[in-house]
Each structure stands twice: as structure tokens, then as C-alpha cells.
Amino acid sequence: MLKDDNYWMGKAIVQAKRAEAIGEVPIGAVLVKDGVVIARGHNLRESKQDPAAHAELIAIRRAAAKLKSWRLTGATLYVTLEPCTMCMGAIILSRLDRVVFGSYDPKGGAAGSLFDFSNDARLNHSVVLTPGVRGEETSALLSNFFSALRAEKKRAKLQNKESEKLAAATESQAKGL
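Residues numbered from 1 in each chain as written. Predicted model: local features only at pLDDT ≥ 70, side-chain atom pairs only at ≥ 80, totals over all residues. Heavy atoms only, no water.

## Quick notes on the packing of aromatic side chains
When we look at a pair of aromatic rings, we describe it by the centre distance and by the angle of the planes.
At step 1: By the definition in use, this model includes 4 aromatic pairs.
At step 2: Summarising the aromatic geometry, the rings of Y7 and W8 are spaced 4.9 Å apart at their centres and angled 80° between planes, so their arrangement reads as edge-to-face.
At step 3: With centroids separated by 5.1 Å and ring planes inclined at 80°, the aromatic side chains of F145 and F146 adopt a geometry described as edge-to-face.
At step 4: On the basis of relative accessibility, which here comes to 11%, the residue F145 falls in the buried class. (Phe/Tyr/Trp six-rings, centres within 6.5 Å; stacked < 30°, edge-to-face > 60°. Buried < 20%, exposed > 50% of the residue type's maximum accessible area, 1.4 Å probe, protein only.)

Next up, the structure:
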């Protein structure tokens, strides 16, 4: 069976769902070389309280450790969301050949949305981009996650107001006794 971009993006989506299961923003990545996954990663920023714990960086670091080389030529990174400036920097510095991503990130993307570092002639490496692979699915993962998060915050806020009302009523009753 020929494994195509849709197949590998499915592996990145599995990683995104792992992130979501632990309360992280559902972004996942897999790094593939010669038809084999050499590293995986998913967001761990909240868990590790590390602003650099992005799915892409985790996968890149793991791949470099596994291959015992910072040069990841010949490899493709599959990631569910367009990489940010930090991640595109790491992608370029690690000499990845290609990045395939699901959804564009209009607020932080550096592979076509806000910036496009993929083929900037001023940089010492360029990377081929393939955007939009399973984009509706990856976008829905993020939208559903943030909708649920907003609903939970709203529920907690309402619950807090009810607790405050109950406390005020109890205090008022106590003063009346």
C-alpha cells in the first residue's frame, strides 16, 4: 500500500487527539523519512509549562536524537496546524525537505498566513510546503476544542456567581440571627 499525505496526516491527527486528551491544544506532528515514522510529537505547552513545547519541535528533537544528527534532510514533517515562526525556524535549521500541514493559522502561521519562511531567499534553506491536507478535519479538531473550552469557562463563571450568591445569602441570614 502506498502511504500518501492523507495517511501520514492521519498519524499526526492521532497525536493531536493525544494532546487534546490531556487538556492541550490538539496539535500533532509526525516526522517521516523513507516511508517510516521516525518521530512523533504533540503539544505539551500546558503540561510542561514550556512555551517551546510545540508538537513540531518535540518531533524534530526526537528525530534528531534518533538519527544522531541535527540535519533531517530527506524527511517530511506532517503537522495538523501551520507552523509558527519558532517552528518554521527549527524546520529550516534542521534542513527538513518538506512540510505538510492541515489547517492554516491566520493568527500565527509562518508558512503562508502571516509570514512565509519556506522559500525566503535570505535564508540558507528552503522547504517545500503542502498545505490543506485534511484541513477540514484538523480545523474541526481545533474549533471543537476551543468551543468546549469557552463553554467550560462560561459554566465555571456561572457556577462561581451562584456560589457567591449562596455565600452572600448565608452571610445575610447569619447577620439576621
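## Remarks on the sheet that holds strand β5 (residues 128–130)
At step 1: Pairing is mixed across the open sheet formed by 5 strands, whose spatial order is β2-β1-β3-β4-β5. Looking at which strands have only one partner, the edges of the open sheet turn out to be β2 (36–42) and β5. Strand-to-strand twist of the sheet, defined as the mean angle between neighbouring strand axes without regard to direction, takes the value 20°.
At step 2: Across 5 bridges, strand β1 (residues 28–33) lies against strand β3 (residues 75–81) in antiparallel orientation. Paired with V30 across the two strands is Y78, which belongs to β3.
At step 3: In this fold helix α3 (residues 55–67) packs onto β1, β2 and β3, with an angle of close to 140° to the strand it touches most, β2. (Pairing = 2+ DSSP bridges. Helix = DSSP H or I, 4+ residues; strand = E, 2+ residues; numbered from the N terminus. Axes fitted to C-alpha atoms, helices over the stretch in contact; angles between N-to-C directions. Contact = heavy atoms within 4.5 Å.)

## Points about helix α1 (residues 5–21)
Residue pairs spaced three or four apart in an α-helix point in one direction, given the helix's 3.6 residues per turn.
At step 1: The end-to-end C-alpha distance of α1, which contains 17 residues, comes to 24 Å, matching closely the 24 Å that a straight helix rising 1.5 Å per residue would cover.
At step 2: Among the residues of α1, those classed as buried are D5, W8, M9, G10, A12, I13, Q15, A16 and A19.
At step 3: One side-chain oxygen at the N-terminal end of α1 lies 3.2 Å from the backbone nitrogen of N6; it belongs to D4.
At step 4: Count one or two residues on from α1 and you reach G23, which has phi positive near 85°. (Expected span 1.5 Å × (residues − 1). Polar contact = N/O pair within 3.5 Å; in protein donor to acceptor, adjacent residues only side chain to side chain.)

The values are spatial; any link to function lies outside them.
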